[in-house]
Structure formats: structure tokens, C-alpha cells
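# Fold and geometry: a report
Next come the chains, spelled out residue by residue.
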Amino acid sequence: MADKYIYDIAEGDATMKSILGGKGAGVAEMMRLGVPVPDGFTVTTAACIHTMNNNGEWPSDLRAQVAEGLARFEERVGRKLGGKDKPLLVSVRSGAVVSMPGMMDTILNLGISDETVESIASEFDNEWFAWDCYRRFIQMYGEVVEGVSGHLYEDALRAKKADRGVQADTDLTAEDLKELVAEFKQISNDALGGEWTTDPVEQLYRAIDAVFRSWGNPRAEVYRKANNISRDLGTAVNIMQMVFGNRGDTSATGVCFTRNPSTGEKGLYGEFLVNAQGEDVVAGIRTPRHLSEMEQVLPQAYRELLDTMARLEAHYKDMQDLEFTIEDGKLYMLQTRNGKRTAAAALKIASDLVDEGVIDKREALRRIEPSQLDQLLHPAIDPANTAKPIAKGLPASPGAAVGEVVFDADTAAERGGKGEPVVLVRYETTPDDIHGVLVAQGILTAHGGMTSHAAVVARGFGKPCVAGATSIKIDVAGRKLSIDGQVYGEGDVITLNGSTGEVFGEPLKLIPPRINEDFLNVVTWADEVRTMGVRANADNHDDAAKARELGAEGIGLCRTEHMFMAADRLPAVREMILAENATQRAAALEKILPMQQADFEGIFTAMKGLPVTVRLLDPPLHEFLPNLVDQSLKVQKLELTDGDPAELEKERALLAQVKKLHELNPMLGTRGCRLAMLYPEIPEMQTRAIIRAALAVWEREDETVSVEIMIPLVSLESEIKKQREIVDKAAQEEIAAAGQELDYTVGTMIELPRASLIADRIAQHADFFSFGTNDLTQTGLGISRDDAENGFLTDYVVEGVLERNPFESIDVDGVGELVRIGVEKGRNAKADLKCGVCGEHGGDPDSIDFFQGVGLNYVSCSPFRVPIARFAAARAAMDQQD
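Conventions we followed
Residue numbers here run from 1 along each chain, matching the order of that chain's written sequence. The predicted nature of this model means local features are confined to residues of pLDDT at least 70 and side-chain atom pairs, given and counted, to a pLDDT of 80 or more, with totals for whole chains, interfaces and linings taken over all residues. Side-chain metrics in this entry use all non-hydrogen atoms of the structure; hydrogen atoms and water are not considered. By convention a nonpolar core is built from buried Ala, Val, Leu, Ile, Met, Phe, Trp, Tyr and Cys residues, the set being connected through side-chain atoms within 4.5 Å. Between buried and exposed lies partly exposed: a residue is buried under 20% and exposed over 50% of the maximum accessible area for its type, with that area taken using a 1.4 Å probe on protein chains only. For helices the rule is a DSSP run of H or I covering at least 4 residues; for strands it is a run of E covering at least 2, with both sets numbered from the N terminus onward. The contact criterion used throughout is that any non-hydrogen atoms of two residues lie within 4.5 Å. Within the patch definition used here, like charges are joined within 9 Å and nonpolar side chains (Val, Leu, Ile, Met, Phe, Trp, Tyr) within 5 Å, considering only residues with over 30% relative accessible area and no salt bridge. Here the accessible surface of atoms and residues is derived via Shrake-Rupley with a 1.4 Å probe, and residues count as covered only by protein chains that are part of the display. One side-chain nitrogen of Lys or Arg within 4 Å of one carboxyl oxygen of Asp or Glu is enough to make a salt bridge. What the arc measures is the spread of directions leading from the helix axis to the C-beta atoms. N or O atoms within 3.5 Å of each other form a polar contact, as long as, within protein, one can give a hydrogen and the other can take it, and as long as residues adjacent in sequence are counted only when both atoms are side-chain atoms. When two cysteine sulfur atoms are found within 2.5 Å, that pair is recorded as a disulfide. When DSSP finds two or more bridges between a pair of strands, those strands are recorded as paired. The definitions used throughout rest on a 1 Å grid laid over the protein atoms alone, on which a cavity is an enclosed set of points accommodating a 1.4 Å probe that cannot get out and a pocket is an open set flanked by protein within 12 Å on both sides along at least five of seven lines; lining residues are those having an atom within 4 Å of a point. Grid points are joined across faces, edges and corners, and a volume is the space filled by probe spheres set on the points. Under the convention adopted here, Pro, Cys and the residues Ala, Val, Leu, Ile, Met, Phe, Trp and Tyr are nonpolar, Asp, Glu, Lys and Arg are charged, and Gly plus all remaining residues are polar. Stacked, edge-to-face and tilted are the three classes for Phe, Tyr and Trp ring pairs, Trp counted by its six-membered ring, which pair at centre distances within 6.5 Å; planes under 30 degrees apart are stacked, over 60 edge-to-face, the rest tilted. Counted as over-ring charges are cases with an Arg CZ or a Lys NZ within 6 Å of the ring centre that also lie within 35 degrees of the ring normal.

## Concerning the nonpolar core
A general tendency of soluble globular proteins is for nonpolar side chains to be buried together. Counting residues in each nonpolar core, the largest one holds 120 residues, and the members touching the most others are Phe604, Phe769 and Phe771. Among the elements that line this core, the one with the most residues is helix 27 (residues 681-701), at nine residues. Those residues within four positions of Phe604 in sequence are excluded, and the remaining contacts are Val612, Val614, Ile690, Ala693, Ala694, Val697 and Val705. Membership of the second largest hydrophobic core comes to 69 residues, among which are Ala47, Ile107, Val148 and Val166.

Right under this line is the structure:
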């Protein structure tokens with residue numbers, strides 16, 4: 001039996017969205033409910049998908065099915081497409097499964113021609129109306145179907161109005177419109193190199209094909225990518241009888257929402273135009289009027305519209321976005337769909353619908369996208385802004401920032417520390433820049449990706465960041481930034497939109513975060529549903545306190561390397577690195593220990609009563625030393641200028657150690673537990689600082705944290721066995737010396753493929769696993785994230801080689817499988833093994849859904865993503881339960 005590609009409107013209903021698209025299913029449902037809608041039929045999404053997958057070739061029997069559907073349609077309405085007596089005019093509209101407003105194409109008034117225009121004028125006793133429909137059709141058909149440049153028609157229309165001395169289209173006479181039709185036809189013929197088809201049935205086939213093609217147009221592709229909509233869904237095509245809002249003062253067209261889509265407030269929201277067609281409202285051709293004014297000009301239709309709005313919202317139990325036309329006083333509904341809304345409106349509508357008893361809390365959670373919560377947690381650029389961006393990079397950390405450009409972290413720290421708003425602009429950031437990052441309003445880098453240092457640190461501190469803006473040229477020595485020939489010097493003000501990756505060359509107005517009662521309601525409902533814990537990645541007291549304020553249930557990753565970078569402890573760290581024997585090294589570490597303890601006390605105080613996972617030192621030691629080239633030049637300068645001998649000797653010793661520690665591929669070199677194996681004094685000192693801090697907080701606060709000590713970069717069973725012995729010995733000595741009791745656990749970070757594959761053996765020496773998916777993605781895929789995101793990875797995503805950037809959303813089939821293997825093997829060896837994730841994927845909703853499925857106990861993410869993670873974990877739990 002042949003596939004069914006055509007459905008009469010009366011055959012459908014709201015459950016058929018995947019077949020009929022959102023518009024077709026919505027119109028069919030309204031017809032089923034008795035709401036007045038124009039008749040017609042729908043070409044299914046399956047027909048579009050077939051055409052798309054077969055180089056534009058329709059299914060073999062689609063033309064025949066369209067012809068049969070058209071014949072049934074003509075019989076029902078008593079009109080014929082192209083007929084000289086009571087001709088049928090139709091609209092041809094797209095209708096995606098997921099609403100994509102304005103992204104695809106529409107053709108109105110198809111069926112009007114030289115042969116039918118006079119018949120239409122006679123039937124409706126309105127010559128102006130008939131010729132207005134005709135000129136509209138030629139323009140839409142020529143532009144959408146035949147690819148004629150739209151400005152050619154617009155220029156002719158403007159010229160005609162200027163020649164007649166009028167402002168509005170409606171001020172032109174019927175004779176003017178006749179002349180315009182002739183001009184439009186000539187424009188089309190000239191552009192196409194000959195006369196175009198006037199057969200309305202053939203025009204219908206071509207219009208359907210044009211809507212199919214519009215599924216793949218650039219703006220639709222961009223919209224789908226931005227909203228994670230599959231290209232495989234296709235679009236339906238809706239062919240419906242035209243109803244005319246341009247028949248005079250008793251006719252109108254408009255768009256309305258059952259609630260305010262900006263605020264979520266209940267109230268009348270919409271616009272309309274008298275004597276117009278639908279495109280006039282959405283295209284801004286004329287200034288529309290507020291919907292409330294319709295009561296004065298079309299009172300009966302206005303009351304019917306209000307009743308219909310209330311009825312459809314009650315039926316769908318959600319805010320509806322409606323399109324309507326009034327023809328000679330009679331109301332017709334052309335579309336209903338769940339309306340697009342701002343983040344603030346989404347939360348208010350969901351909260352209000354729960355309060356009204358329309359939906360329950362679980363359904364409310366389904367109505368909100370995690371990304372909408374993200375929008376509310378950071379300052380944003382005022383939506384009224386009309387400025388054009390001067391550059392675009394990766395939206396590495398959400399929010400908006402306005403500040404004066406500075407080009408190094410020291411200047412950022414100095415000026416930012418005084419309260420001056422600055423934006424730190426760097427080729428890329430390093431851990432040395434942390435002091436500048438902390439006080440900057442935002443960060444802009446020419447290099448680096450979504451999980452680059454700049455991105456990770458910015459998200460951790462809630463700083464907006466645009467990374468990898470490759471079009472910017474930075475002259476650090478000249479203290480200037482060039483973008484397409486425009487130069488910005490230090491002190492010039494720019495604006496960053498970390499949510500979109502856009503850079504603006506001027507200060508823009510920002511609006512503050514909108515955390516209100518609706519927001520708190522939604523995340524509280526999420527906590528009632530979710531089964532997975534949510535922790536935060538935090539390295540200092542302020543971050544820990546902010547994370548707790550945002551609902552974090554502990555810290556899943558406390559990095560200790562940032563503590564080593566502070567100016568007051570870097571000399572001692574370098575003294576430790578330059579030590580020639582264990583005694584000297586221990587003496588240097590003894591200086592660092594109280595500093596580390598103080599840091600931990602601050603974090604533990606903020607998190608008392610909750611678990612805190614502290615990762616022992618992870619990066620290679622060379623990161624705490626000067627750059628090899630910089631140090632070589634410093635020594636050379638001292639040599640050439642007969643510098644102070646003692647200083648020269650000191651700098652030569654430092655250079656020798658830099659050379660000794662230099663590695664070609666430090667990410668896979670002497671770092672993590674490998675460094676600790678060479679220098680066991682380091683994990684011993686850190687363990688003592690952790691335990692002393694926990695005991696001190698207990699004594700001071702009568703409560704402390706659940707201490708979890710994490711050993712990084714383990715790939716061998718012998719590594720964790722040896723490191724655990726060091727940690728346990730130091731911890732037990734400190735607890736015994738204090739004469740108190742303190743429970744602690746020791747685990748490891750699973751960030752290498754081998755660790756996942758031998759997780760059963762590693763688990764014998766670990767109390768918990770935390771999957772470091774940033775490095776696991778790099779090592780699992782064999783790519784450097786910064787190099788890849790600034791190189792082939794973007795092309796892979798654009799070309800469809802990869803659906804998503806694997807550093808943004810977990811590679812389920814590869815890296816995800818390593819996580820699954822690690823969990824299963826680990827728990828086979830130790831059934832109660834606690835497993836979590838602390839990579840950036842811990843804040844990604846799609847990744848959280850996967851982690852729920854593999855049975856992780858918790859996710860951990862940057863503090864400002866904690867509410868999103870709480871919400872996404874609830875959605876994941878509901879999906880699993882369903």
C-alpha cells in the first residue's frame with residue numbers, strides 16, 4: 001500500500017504533529033473543536049523528508065495524491081483552483097513539527113491570475129481588493145518560489161506610492177494596483193528570462209516544492225542548530241482556502257497571545273490591522289494597532305476572538321500564539337500553537353498555571369527549558385538593543401559585560417580592584433591570569449574553546465566570556481585591538497554577550513538577573529522530583545557560598561592549584577619546585593601548608609554540613625614557573641647588561657628548572673598522581689592541610705564538612721594504592737594528634753580511558769569515583785580541546801560529521817560508554833561505590849540526562865549552573881520514570 005502523504009484537515013488532530021507539523025495539527029484540532037478555520041489539506045512531513053533525502057525528487061505518487069486532495073478540497077468548498085467562475089484561492093504555508101517562527105516560507109493568494117482576477121473583483125464587488133491580492137501574489141510567488149529578489153518588487157511599490165504622493169499601500173487606487181501588477185509581472189519575466197507559468201495547479205506544485213526547500217534555507221539551519229532541532233524532522237505544507245482580511249473596513253488580520261509572552265502576565269496581548277493580510281502584521285509593512293482597539297471597530301468579531309482565546313488556552317493548558325483573519329465581519333482562526341516566550345514569562349506562566357490548578361508541578365517542569373533558567377542567572381543585554389556586533393566568538397560563559405578594554409591581568413587586577421569596569425582581552429588566558437579574571441566584568445579571547453581555561457574559569461566565577469573570536473587581532477605591545485580595520489585602544493568601552501558570543505564596540509544597557517519567586521518555585525519543584533544530587537565546582541569561600549545560595553548540595557570539585565597561584569604563596573611554591581632534596585622541599589611545603597589550610601577553612605565554613613571533594617594537585621609544576629622563552633630572555637638580558645651576579649645566578653637556576661620540567665605534551669605528562677608519585681611530600685602536605693582545616697571548622701562551628709580527598713589522573717591500580725597509603729597515613733596522624741574523630745573518604749578522578757577499563761581494580765582502593773569528563777573527552781577522542789575547537793571541530797559540527805561539540809555535550813557513544821563501563825565495573829567490585837561527574841558536562845542538560853541513565857549519584861558544575869543542573873536532573877528523572 002502506498003504511503004499516505006496527503007491528509008484533509010478534518011482527518012487530523014493535535015496528536016498528529018509529527019505527521020502534519022505543528023500548524024497542520026493545530027488547525028485540524030481547532031476544526032475538531034468547532035473553532036472556525038478555513039478548509040484545506042496538508043502535505044505530510046514524510047513527503048518533505050523523502051524529497052530532502054532524494055536530491056529534491058518527490059515521492060513518485062505525491063503529485064497524484066496532491067491532485068486528489070485538491071479535487072476533494074474543491075468539491076467541499078464549491079470552488080475550483082483556476083476556475084473562472086468562483087475561483088479558489090489558497091495559501092501555502094510551512095508547518096514544522098517544532099515551531100520555527102519566520103524561518104520558512106509562505107505564499108498567499110495562489111490561484112489568482114489574469115483569468116481569475118476580474119471574476120474575484122466581480123464576486124466580491126471590490127476591484128481594489130482583487131488587484132491588491134494579485135500584486136501580493138506575484139511578489140510572494142516570485143520571491144519565494146522563483147527566487148526573484150524581493151527588493152525589486154519593493155522598489156517598484158515604493159516608487160508607485162511616491163509617484164502618487166501616498167504613504168500607505170491602502171492609499172493606492174485600483175488603477176494604481178493594476179499598473180503595479182503589470183510592473184511586477186515584467187520584473188518577474190525579466191528576472192526569469194521569459195514568461196513564468198500562469199497555470200495555478202503548476203504554481204501549487206512549485207509552491208509546495210519551495211516550502212520543502214525552505215526547510216534547508218540558511219536561517220532555518222541556524223535556528224535549528226541554536227535550538228537543537230533535528231534536521232530529520234522535515235516540514236509539512238498546509239494548503240488552505242484563503243480568507244481575506246483585505247476586503248475593506250469590515251475585514252482585518254492579526255496575531256495575539258493568550259498571555260503576555262514577555263512577562264507571562266495574564267492580559268490582552270496582540271495586534272491587528274484593518275484591511276490587511278497576515279504578512280502585513282508580521283513584516284511591519286504598516287503599524288499595527290493594539291488588540292484592545294478592535295472592540296471599537298469590529299465588536300462582534302472581537303468578542304468571538306476573546307472567547308476563542310480562552311477556549312484554546314483551556315484546551316491546550318498553555319499560553320497560545322494565535323493568528324486570525326476577519327473577513328467581512330466573520331472570524332477565522334489560521335493557527336494556534338504553544339507560544340514562544342521569554343525565560344521570565346516561561347517561569348511565571350508555569351507557576352501561575354500550577355496555582356490555577358490547570359497543570360501539576362511535573363507538567364510545569366516539562367514546560368520550561370533548562371536554558372531559560374540560565375538566561376535569568378546572569379546580567380543580559382537589554383532586548384531593546386539594536387546595535388550590530390563587530391565580532392563573534394564562542395558563547396563560552398553566559399551573561400553580558402560592559403567595560404573598558406585591558407590587555408593583561410595585572411592591569412585588570414589593578415583597575416578592577418579599584419571598582420573600575422574592565423573587560424580582559426587576551427589571545428588566550430592562563431592560570432596566571434586568575435587575579436585579573438576575578439575582578440574583570442568579562443573576558444574576551446581570540447583563541448580557545450568552550451572548555452578552554454578562559455571558559456572554565458569564567459563559568460566558575462560567573463563571568464561572561466566570549467572565547468575563540470578569531471577575527472580579532474590583538475597587539476599587546478601597542479595596547480590595541482583591531483576588528484575589520486576598526487581599532488580599539490586600552491580604555492575604549494566594549495560590550496560582550498557571553499550567551500551568544502557577540503562582541504559590540506560600544507557600551508550597551510544591561511538588565512540585572514531576574515531571580516524571583518517564580519524561579520524559586522520551579523527549582524524547588526525540581527528538587528522534589530530529582531533523584532541525582534547536584535554539587536558545585538568551587539575553589540574559594542565566595543564561590544562556595546554562592547553555590548550553596550543557589551542550591552548546591554556540596555562541592556564535587558575543589559581544585560587546589562588556583563590556591564598555589566596567589567602572589568603571597570607563589571614564592572614558596574617556587575622554592576618547593578627548586579628544592580634540591582626532600583628536606584628543602586619539605587621546608588618549603590611547611591610554609592605553604594598554613595596557607596592551604598586557611599583556604600580550606602574558608603571553603604569548609606561555607607559548606608559545613610555538606611560533602612566537599614578536594615582534588616589534590618593536578619597540573620604539572622612548570623605551570624607555576626615562568627614561561628621558558630620569557631625566562632631565557634630574562635637571563636640573556638642580565639648576561640648582556642652585566643646584571644647583578646647574585647640575581648643572574650638565581651635566574652639561571654630558575655631557568656634550569658624550567659628547562660628540566662618543560663614537556664612537549666604536558667597534558668599527558670608529569671601531572672596529577674604522577675607528580676605525587678615523584679614528590680610524595682606534596683599530597684602529604686595537602687592532606688594535612690585538609691584534615692586540619694576540617695577539624696578547625698568543627699571546633700569553631702560545631703559542624704564541619706564530609707571530607708572527600710580525590711587523587712587525580714590515576715590509570716594504574718598501583719598508583720591509587722600507593723597514593724591512598726600516603727593520604728591515609730597523613731590523615732590518621734592528624735586526627736590522632738588532635739584527639740578527635742573525623743570521618744573522611746578517599747577516591748579518584750576517572751579521566752583516562754584505561755582507568756575506566758580497569759575500574760574494578762581501582763575501586764578496590766577507592767571510596768568514590770568522580771568522572772573528569774573534560775580530560776576523558778580529550779583522551780577518549782584523542783584531541784586537544786583548544787586546538788580542535790579553533791580548528792576542525794567547528795567544521796565537523798557545521799558539516800554534520802558531529803551533531804554536537806563533544807566538549808559541550810557528552811559524546812554518548814564513545815566517552816559516555818567509558819563512563820558507563822567505569823560505573824559498572826566499579827560497582828561490580830564495590831556495590832556501594834559513589835559515582836559522580838565533575839567535568840563541565842555536569843551542567844549540560846543533555847549530558848545530565850545521560851548521567852541519570854548510567855546511575856551517577858551526583859553531578860557537579862560551576863556555581864551559576866547549579867539551578868540549571870537541579871532542573872535538568874529533575875527532567876532526567878521524569879524521563880527515566882516515564
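Read on, since the account is not over.
## Considerations on a nonpolar patch on the surface
Residues Phe792, Tyr796 and Val801 make up a contiguous nonpolar surface patch of about 270 Å² in total accessible area. If you trace the backbone, Val801 turns up in the loop between helix 33 (792-798) and helix 34 (815-829). Classification of Val801 by relative accessible area gives exposed; the value is 53%.

## Concerning helix 16 (residues 409-417)
Along helix 16, the positions that sit buried rather than exposed are Ala409, Thr411, Ala412, Arg415 and Gly416. Each buried residue of helix 16 sits inside an arc of 155° when the element is viewed along its axis, so together they form one side. The outward face of helix 16, more than 90 degrees from its buried face, is lined by the exposed residues Asp410 and Gly417. As for helix 16, its buried residues are in contact with strand 16 (400-406), strand 17 (422-426) and helix 17 (434-439). Phi turns positive, to about 90°, at Gly419, one or two residues after helix 16.

## Structural notes on the environment of Asp360
Here Asp360 shows up in the loop between helix 13 (343-355) and helix 14 (361-366). Asp360 sits 10 residues away from Ala350 along the chain, and the two C-alpha atoms are 9.3 Å apart. Side-chain polar atoms of Asp360 contact the backbone nitrogen of Arg362, separated by 3.3 Å.

## Here we look at the state of the cysteines
Enumeration over the complete set of coordinates arrives at zero disulfides. Cysteine Cys465 is unpaired, with the sulfur of Cys861 as its nearest cysteine sulfur at 17 Å. The exposure class of Cys465 is buried, given its relative accessible area of 0%.

## Looking at the pairing of strand 22 (residues 486-489)
Direction of pairing for strand 21 (residues 480-483) relative to strand 22: antiparallel, over a ladder of four bridges. Bridge assignment links Ile483 to a residue of strand 22, and that residue is Gln486. Connecting strand 21 to the next strand, strand 22, in antiparallel fashion are two residues, including Asp484 with a positive phi near 50°.

## Examining empty space enclosed by the protein
Counted by the stated rule, this structure contains five cavities of 30 Å³ or more. Its volume calculated, the largest cavity comes out at about 120 Å³. Elements with a minimum of two residues in the lining of the largest cavity: strand 5 (90-96) and strand 7 (235-241). A class-by-class count of the residues in the lining of the largest cavity yields six nonpolar, six polar and two charged.

## Comments concerning the packing of aromatic side chains
Applying the stated criterion across every chain, the model contains 14 aromatic pairs. Judged by centre distance (5.7 Å) and plane angle (80°), the rings of Phe257 and Tyr269 are edge-to-face. On the criterion of sequence distance, the pair formed by Phe257 in strand 8 (residues 252-259) and Tyr269 in strand 9 (residues 266-274) is long-range, its members being 12 residues apart. Classification of Phe257 as buried rests on a relative accessible area of 14%. Between Phe769 and Phe771, the aromatic rings sit 6.3 Å apart at their centres with planes inclined by 90°, giving edge-to-face as the arrangement. On the basis of relative accessibility, which here comes to 0%, the residue Phe769 falls in the buried class. Connected via pairs of aromatic rings, a cluster forms that spans Trp58, Tyr205 and Phe212. For Lys330, the ring lying beneath its charged end belongs to Tyr332, and the centroid distance is 5.2 Å. Arg535 extends its terminal NZ or CZ atom over the ring of Tyr858, reaching a point 3.9 Å from the ring centre.

Geometric descriptors of this kind do not, in isolation, establish any biological role.
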